[in-house]
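Structure assessment
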Amino acid sequence: MAAFTELVVASLQPVLERLFVEPVVQRLQQISDGIENSNYLVVVSAQGLRGRIISGLPDLAGLQCSAGPVPLIVTIVEMLDRSQLDPIVKHVALMANAGLPVPGMFADELGESVFTHAGKPLMVVPMLEGRVLQADEVQPGHCRAAGSFLGALHSLTLDLGEQDRVERGFSWTLQALDRCQAWVEPEHGVELKRIHARLSAVVSDLEALPMSWTHGDLFIDNALFRGDEQATSAQPPVQLSGIIDFYRSGPDSAALDLAIAANDWCWDGTQLLPDRIAALFDGYESHRSLTTEEKALWPELLGFAAARFYAARMLSLHTASYQRQAADADPSAASVLKDPSAMLLRMTTALFPD
Ligand SMILES: Nc1ncnc2c1ncn2[C@@H]1O[C@H](COP(=O)(O)OP(=O)(O)O)[C@@H](O)[C@H]1O
Ligand SMILES: N[C@@H](CCOP(=O)(O)O)C(=O)O
């Protein structure tokens, strides 16, 4: 379970008619992964496109509907309103037009790509080939691909000018960590205070680091890979098909975005693996060199990156979040509540390694 808002063919049909000529839905199915939005796999046959596809992937950008049914991902955006979504859509289009590996989106004849369903924004995105990796399948080559994507995104968007940072910026994280004291087990209260003090001491240094547009949530489950021709089914797929889930993206410190990725792609359960970190940096720096300051503050960036997700997971767990409500209403939906303690270990390991 991870579709918080129901979608049926009858309510999707008017949107599809703005995008396709004579669309017929062949299949509509909830996607169970994901914890923030409602996602559906929809297969449509049509006589052609009414609008266009804005995609960074040549196969998708040139997609014609005449060759057969087209698989789509329909996302109902749960936590952003139209004004918050518009800059994200604009930047995903920027990435697509620059050839970054993003599925992009379908737009109608007027260029509109955000529709409305149940009072929430709805987007229709081409479905990528391939699949998400399991954590134990990740190899340095995958980390290099993730780093390369972030390096390309950041170098494309370093000249943002004055822009407000994403909602879950450094100050949000520190305030949210404070709130977590109310829920943390007694044995971790002191540890959390120590982490808070350490992060507070460096926040102005971190705020001075270069900003760019960031993905904000480039975990392993937000990239799809496909196999190459010679691969056997026992091998994990190696070719990056594309990066998804830009609903947390926005202006932020570029190196923090890299640290968010490092904490997931390079973590083996107890530590960051040097060969994966090296590959992540190598991919990143093929597009943009980290500054001396960013390198010097790397442990604190890792700590803040983990703190952001620790606090977000704690808030989902302990407040009347829509994830909490979904899990309470249906115990089989409990996977929408992620474990904060895994992020606590990452914070301590980064900030107090001895
Ligand atoms: N464009 C896409 N192509 C293929 N699969 C996708 C695409 N977008 C989403 N998915 C699938 O849907 C799942 C949930 O998507 P995601 O955007 O991460 O949801 P959430 O924002 O709720 O976490 C992904 O893990 C992936 O399996
Ligand atoms: N990656 C975040 C939560 C967001 O999950 P996603 O399903 O949208 O990638 C976490 O792990 O806490």
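Per an unreviewed UniProt entry, the protein chain carries the name Homoserine kinase and comes from Allohahella marinimesophila. In UniProt, the protein chain has this text filed under Pathway (unreviewed entry): "Amino-acid biosynthesis; L-threonine biosynthesis; L-threonine from L-aspartate: step 4/5." According to its UniProt record, the protein chain has this under Catalytic activity (unreviewed entry): "L-homoserine + ATP = O-phospho-L-homoserine + ADP + H(+)".

For ligand 1, the set of nearby residues contains 19 residues, the closest of which are Glu36, Asn37, Asn39, Leu128 and Asn222. Here an oxygen atom of ligand 1 sits 2.8 Å away from a polar atom, N or O, in the main chain of Asn37. At 3.1 Å from a nitrogen atom of ligand 1 is found a main-chain nitrogen or oxygen belonging to Pro126. Here the residues of the shell around ligand 1 are counted per class, giving eleven nonpolar, four polar and four charged. Counting contributing residues, the shell around ligand 1 receives three or more from each of domain 1 (9–126) and domain 2 (135–351).

A few words on the site of ligand 2. In the neighbourhood of ligand 2, the contacting residues comprise Gly34, Ile35, Glu36, Asp217, Phe219, Asp221, Asn222, Asp245, Phe309, Arg313 and Lys338. In the environment of ligand 2, an oxygen atom lies 3.3 Å from a nitrogen or oxygen atom belonging to the side chain of Asp221. Separating an oxygen atom of ligand 2 from a side-chain N or O atom of Arg313 is a distance of 2.6 Å. Protein contacts shield 94% of the accessible area of ligand 2, which totals 340 Å² for the unbound molecule. Residues of the shell around ligand 2, tallied by class, amount to three nonpolar, two polar and six charged.

Rules used in this analysis
Residues numbered from 1 in each chain as written. Chains lettered and ligands numbered in written order. Predicted model: local features only at pLDDT ≥ 70, side-chain atom pairs only at ≥ 80, totals over all residues. Heavy atoms only, no water. UniProt positions renumbered as here; feature names shortened; annotations may be inferred. Near = heavy atom within 4 Å. Polar contact = N/O pair within 3.5 Å; in protein donor to acceptor, adjacent residues only side chain to side chain. Nonpolar A, V, L, I, M, F, W, Y, C, P; charged D, E, K, R; others polar. Domains from an automatic or database assignment. Areas by Shrake-Rupley, 256 points an atom, 1.4 Å probe, with all protein chains shown as cover.

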